[in-house]
Amino acid sequence: MDAQAQESFREFVANRSSTLLKTAVLLTGGDRHAAEDLLQNALIKAAGRWRRIDEPEAYVRQILYRQQISRWRLKWPGRELTVAEPPETGADPDAAPAAELRLLMRGALARLTDRQRTVLVLRYFEDLPEADVARILGCSVGTVRSTTHRSLARLRALAPELAALGPADAETRPSRDFSPVEVRP
């Protein structure tokens, strides 16, 4: 790698590594150490091809997803037990509920299977359409839909406290009535 490419790579790592680490933490179920390893391996792979990469962030994200898929295909028999970190301390009194929500969500995501967690992260955190998730995971769109449905159901069962964050009553929920409506001029 020449000096200009090396500087470009360093700048990319300095600017984007925190965002990429957040994605890696979600993909690993909240295990920060595994997420750091995942990101470091992805950056090493990207560094080797740096001159040929058109969109570096998309390329590194793709490596993250594929490495995580490879990890859960290995069927590790034993994993380390992780513990929740205390919420951030700060002067903002509204920060505590947000930190509690993050810890609750992280704990619930950690109890999902790797495949379920990966599908939810790609669909809702990365905001990717079903077709892109299917392409990344190497499965059909129907598989992504069914996995998403089952994953959300399991997430609701594992953390019923999350249901309290949604609309409180049926009046605030969107109508699911798709019957034809007569419109008069």
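Residues numbered from 1 in each chain as written. Predicted model: local features only at pLDDT ≥ 70, side-chain atom pairs only at ≥ 80, totals over all residues. Heavy atoms only, no water.

### Considerations on the environment of His149
Then, in step 1: With respect to the helices and strands, the residue His149 is situated in helix α7 (residues 141–158).
Then, in step 2: Residues His149 and Leu120, spaced 29 residues apart in sequence, show a C-alpha to C-alpha distance of 9.6 Å. (Helix = DSSP H or I, 4+ residues; strand = E, 2+ residues; numbered from the N terminus.)

### Considerations on the side chain of Thr118
Then, in step 1: Along the chain, the position of Thr118 falls in helix α5 (residues 114–125).
Then, in step 2: On the accessibility criterion, Thr118 (0% relative accessible area) is buried. (Buried < 20%, exposed > 50% of the residue type's maximum accessible area, 1.4 Å probe, protein only.)

### Digging into the pattern of salt bridges
Then, in step 1: All chains considered together, the criterion is met by 6 salt bridges.
Then, in step 2: In this structure, Arg32 engages Glu36 in a salt bridge whose closest nitrogen and oxygen atoms are separated by 3.3 Å. Here Arg32 and its partner Glu36 are both found in helix α2 (residues 32–48), 4 residues apart, which amounts to about one turn of the helix.
Then, in step 3: Residues Arg61 and Glu126 are paired through a salt bridge, measuring 2.6 Å at the closest nitrogen-oxygen approach. One end of the pair, Arg61, is in helix α3 (residues 56–73); the other, Glu126, is in the loop between α5 and α6 (130–137), and 65 residues separate them in sequence. Across the pair, Glu126 and Arg61 agree in class, each one buried.
Then, in step 4: Each of Arg16, Glu57, Arg61 and Glu126 takes part in a single network of salt bridges with overlapping partners. (Salt bridge = Lys/Arg side-chain N within 4 Å of Asp/Glu carboxyl O.)

### Considerations on the packing of α2 against α3
For any two helices packed against each other, the geometry is given by the interaxial angle and the distance between the axes.
Then, in step 1: At a closest axis distance of 9 Å, the pairing of α2 and α3 adopts a crossing angle of 125°. Put simply, α2 runs oblique to α3. Of the two possible hands of crossing, α2 and α3 adopt the one that is right-handed. On α3, the residues that touch Ala34, Leu38, Leu39, Asn41, Ala42, Leu43, Lys45 and Ala46 of α2 are Tyr59, Val60, Ile63, Leu64, Gln67, Gln68 and Arg71. (Axes fitted to C-alpha atoms, helices over the stretch in contact; angles between N-to-C directions. Parallel < 35°, antiparallel > 145°, perpendicular 65-115°, else oblique. Left-handed = near helix turned anticlockwise from the far one by under 90°. Contact = heavy atoms within 4.5 Å.)

### Here we look at unusual backbone geometry
Then, in step 1: The backbone phi angle of Asp127 is positive, close to 60°, even though this residue is not glycine.
Then, in step 2: Locating Asp127 in the fold gives a position in the loop between α5 and α6.
Then, in step 3: Exposure remark for Asp127: the relative accessible area of 62% places this residue in the exposed category.

### Structural notes on the environment of Val121
Then, in step 1: Take Val121: it is sitting in helix α5.
Then, in step 2: Its relative accessible area of 3% is what places Val121 among the buried residues.
Then, in step 3: For Val121 and Val133, which are 12 residues apart along the polypeptide, the C-alpha to C-alpha distance reads 9.8 Å.
Then, in step 4: In contact with Val121, not counting residues within four places along its chain, are Leu26, Leu27 and Glu126.

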